[in-house]
Amino acid sequence: MNNAVEINDVALHFPKERGLFSGILSLLGWKKKSTEKSYIALKNISLNVHQGEVLGIIGRNGSGKSTLLRVAAGIYQPDQGNVKVRGQTSLLAGVRVGLNEHLTGRENVHLYGSILGHSQETMDSMMDDIIQFSEIEEFFDQPLRTYSSGMRARLGIAIASAVEPEILLIDEVLGVGDPQFREKSKQRILSLVKSTSTVVLVSHSFALMREICDRVAFIHEGKIHCIGDPTESIRTYYEITGKE
Amino acid sequence: MSDDLPLVEPNPSVSIFGGPRRFFETMYNDAYLIRNLARRDIKSRYSRAIIGFGWTFLEPLLLSIVYYALFTILAGRPDQLYPLHVITGVIVWGHFGKSLQASVGSLTKGKNLIKQVYFPREILAVSPVIAQFCISCTSLLAVIPIMIYLDVKPEWQIIWMIPLGLFLSTILAIGVGMLVAPLNAISQDVQHLFKFIVRAGFFISPVMWTYEMASDRASGEWLDLVLLNPMVVPITLVRKGLDGSELTIPGNQIGYSITFAISALIIGISIFKYYEARVVKYL
């Protein structure tokens, strides 16, 4: 089977020290990377995501799950090892950062859509679908500052999930809006998961993981502790981190 | 299906010499995104003001009145064309200063976006400058009533002097801004330093004074020193384009300014592209 994402021996550390001088030195490579001065987020992680599978990633807060997704999306370049992807990745995370207060809903569709890497033609063709899904109706040509926070979240989800990428990376975007919309956005993401060939999902919702994931990886302190059957991995998670 | 797609690195690193090419490819391929970000910047700047877009005219006009008064107090009665010269100086310098600051702070300002989506980050350094360019071009229309009042008619040279002057100040701002934007991501001291440089640069650039005033008083090395400032030529070009008078800056100095701006742009892009991926971790 082909791999959609190959993560080979990836390590990533974040600088702790924020001094200008030491920052310049380390950028120029004149300073040895010492472990005390940086925070190691990922330690030699190797992970292959097969084409067509739904892979879940679980772990405590700060274990490196989100960082790993961001490495796969190209946001962070690994300090060691390499990452390769087959096709366009799309990271669903913090769906409201691409939106702007002063623009109308329609303008925000173009703005956020283009930030996500879609073309104008794509966004024009998805417009009706986004209007319909986000349930914003008459507000759609009003500036975003007149929207309620639920409406903003709905618009964000509607845009972010409108276009199917080859590889979908999801970082805890469920759970916005009122219960009805939450259920609707869950359904939307589930149908996106079903129609997208490859999905990597970070979530704390273990019930959802058991339901939709083919495999689950448990990340602990920047390393992959185990990977395999969802139920097994979730059991290991509780063994390592303590019971609920 | 996606079986036929190759395995590629999502954000491959760029060699120090590969930056400019990648930059211009991005400018072409991501024009839709750049346009949307520039529109966002323009709209959000004036959307909560009643006078709104009128501020693009009002700001340089009001500033010019203040400088005109200040100059009259300090140096006596100025030249008849001085109001036109001062407002052009204010607009071109303002364009450069605001573009530079926007470009320097681009990575830090866009950090929420950078951490959520990958897209070529040079877009963040360029799009606010494009927005500023549109605003500055509109501001420049404020000179028309002054020209009518002073009865100044531009000569044919307006068609190359104004575009060249604005172009040089724009690429200079982008170049210097991109050169230091990665440093600013490490420490925001850089941003404060550039705020100071823009304020101090106002005095050593021909904003309140003109190149002719400098060449009347200084000569030889002193004048050469004044001309080391790469903003002297752009501001003077726009002024000459408007008042139609002869350009007295020597040709080699103009060549120096053009070379300076283009080199700054190329070096800035190369440094930015080379370090961009590494400094994202500091955000």
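The rules behind the values
- Starting from 1, residues in each chain are numbered consecutively following that chain's sequence as written.
- Lettering for chains starts from A, numbering for ligands starts from 1, and both go in the order in which the items are written.
- Residue-level local features of this predicted model are given only where pLDDT is at least 70; pairs of side-chain atoms are given and counted only at 80 or more, and the full residue set underlies all totals for whole chains, interfaces and linings.
- Secondary structure counts use DSSP, requiring at least four H or I residues in a row for a helix and at least two E residues in a row for a strand, with both numbered from the N terminus.
- Note on method: radius of gyration uses C-alpha positions; expected globular size equals 2.2 Å times residues raised to 0.38.
- Any residue with 12 or fewer other C-beta atoms within 10 Å of its own C-beta is exposed, any with 20 or more is buried, and the rest are partly exposed; the C-beta atoms used are placed from the backbone.
- With C-beta atoms placed from the backbone, a contact is any residue pair whose C-beta atoms sit within 7 Å.
- Start and end points for every domain follow an automatic or database-based domain assignment.
- Each nonpolar core comprises buried Ala, Val, Leu, Ile, Met, Phe, Trp, Tyr and Cys residues, the members being joined through C-beta atoms within 7 Å.
- Helix span, expected: 1.5 Å multiplied by one less than the number of residues in the helix.
- Bend angle per residue: angle between axes fitted to the 7 residues ending at that residue and the 7 residues starting there.
- All amino acids are sorted into three groups, where Ala, Val, Leu, Ile, Met, Phe, Trp, Tyr, Cys and Pro are nonpolar, Asp, Glu, Lys and Arg are charged, and the leftover types, Gly among them, are polar.
- Per-residue confidence from the predictor is reported as pLDDT, which spans 0 to 100.
- Here a strand pair is declared whenever DSSP counts at least two bridges between the two strands.
- Lines fitted to C-alpha atoms define the axes here, with helix axes fitted over just the stretch in contact, and angles between the N-to-C directions of these axes take values from 0 to 180 degrees.

Would you take a moment to explain the overall build of chain B for this structure?
Helix and strand counts for chain B stand at 14 helices and one strand. For chain B, whose C-alpha radius of gyration is 21 Å, the value lies close to the compact-globule estimate of 19 Å for 283 residues. Taking the principal axes of its C-alpha atoms as reference, chain B extends roughly 75 × 50 × 40 Å. Burial analysis of chain B (283 residues in total) assigns 45% to the buried set. Across chain B, contacts joining residues at least 24 apart in sequence account for 86% of those joining residues at least 6 apart.

Can you help me understand the domain arrangement of chain A in this one?
It is common to give the size of an interface as the accessible area lost on bringing the parts into contact. Taken domain by domain, chain A comprises domain 1 (3–88 + 202–241) and domain 2 (97–164). One C-alpha centre belongs to domain 1 of chain A, the other to domain 2 of chain A; they are set 30 Å apart.

I would appreciate a short explanation of the nonpolar core in the present structure.
In summary, soluble globular proteins display a tendency toward joint burial of nonpolar side chains. A:I57, A:A72, A:L169 and A:V200 are the most contacted members of the largest nonpolar core, which totals 137 residues. The dominant element in this core, judged by the number of residues it contributes, is helix α9 (residues 158–186) of chain B, at 15 residues. Counting contributing residues per domain, this core is built from domain 1 (3–88 + 202–241) and domain 2 (97–164) of chain A, each supplying no fewer than three. Each residue touching A:I57, except ones within four places of it in the same chain, is listed here: A:K65, A:L68, A:V200, A:L201, A:V202, A:A217 and A:I219.

I would appreciate a short explanation of helix α14 (residues 251–279) of chain B in the present structure.
In this model, α14(B) (29 residues) spans 40 Å end to end at C-alpha, consistent with the 42 Å of a helix rising 1.5 Å per residue. In α14(B), a bend of some 30° at B:K273 exceeds every other bend along the element.

Would you mind showing me how to read the interface of chain A and chain B here?
With 43 residues of chain A at the interface, the matching set in chain B holds 35 residues. Where the side of chain A that touches chain B is concerned, the elements lending two or more residues are β1 (3–15), α1 (20–28), α2 (65–73), β4 (80–86), β5 (89–92) and α3 (105–115) of chain A. Broken down by element, the residue count for the side of chain A that touches chain B peaks at five residues, all from β4(A). Residue composition of the side of chain A that touches chain B, by class: 18 nonpolar, 19 polar and six charged.

Is there a simple way to explain the confidence of the model for chain B in this structure?
Detailed reading of predicted coordinates is not advised where the pLDDT is low. Of all residues in chain B, 99% attain a pLDDT of 70 or more, and the chain-wide mean is 91. For this predicted complex, the interface score ipTM comes out at 0.87, alongside a pTM of 0.91.

Explain the pairing of strand β8 (residues 215–220) of chain A here, please?
On a regular strand, one side chain projects to one face of the sheet and the next to the other, so that they alternate. Residues and elements named next belong to chain A. In this sheet, β8 lies alongside strand β3 (residues 54–58) in parallel orientation, the contact comprising four bridges. For G56, the partnering residue across the bridge sits in β8 and is V216. Relative to strand β9 (residues 223–228), β8 runs antiparallel, the two sharing five bridges. Pairing of H220 across the sheet is with K223, part of β9. Counting the residues in the hairpin turn of β8 and β9 gives two residues, including E221, whose phi is positive at 50°.

Would you mind showing me how to read the sheet that holds β9(A) here?
Strand pairing in a sheet is mediated by backbone hydrogen bonds. Such pairs are either parallel or antiparallel. Residue and element names in this part refer to chain A. Strand order in this open sheet of six strands is β5-β6-β7-β3-β8-β9, and the pairing throughout is mixed. What marks the edges here is a single partner per strand, and that holds for β5 and β9. Geometrically, the sheet is characterised by an average inter-axis angle of 15° between neighbouring strands, direction not taken into account.

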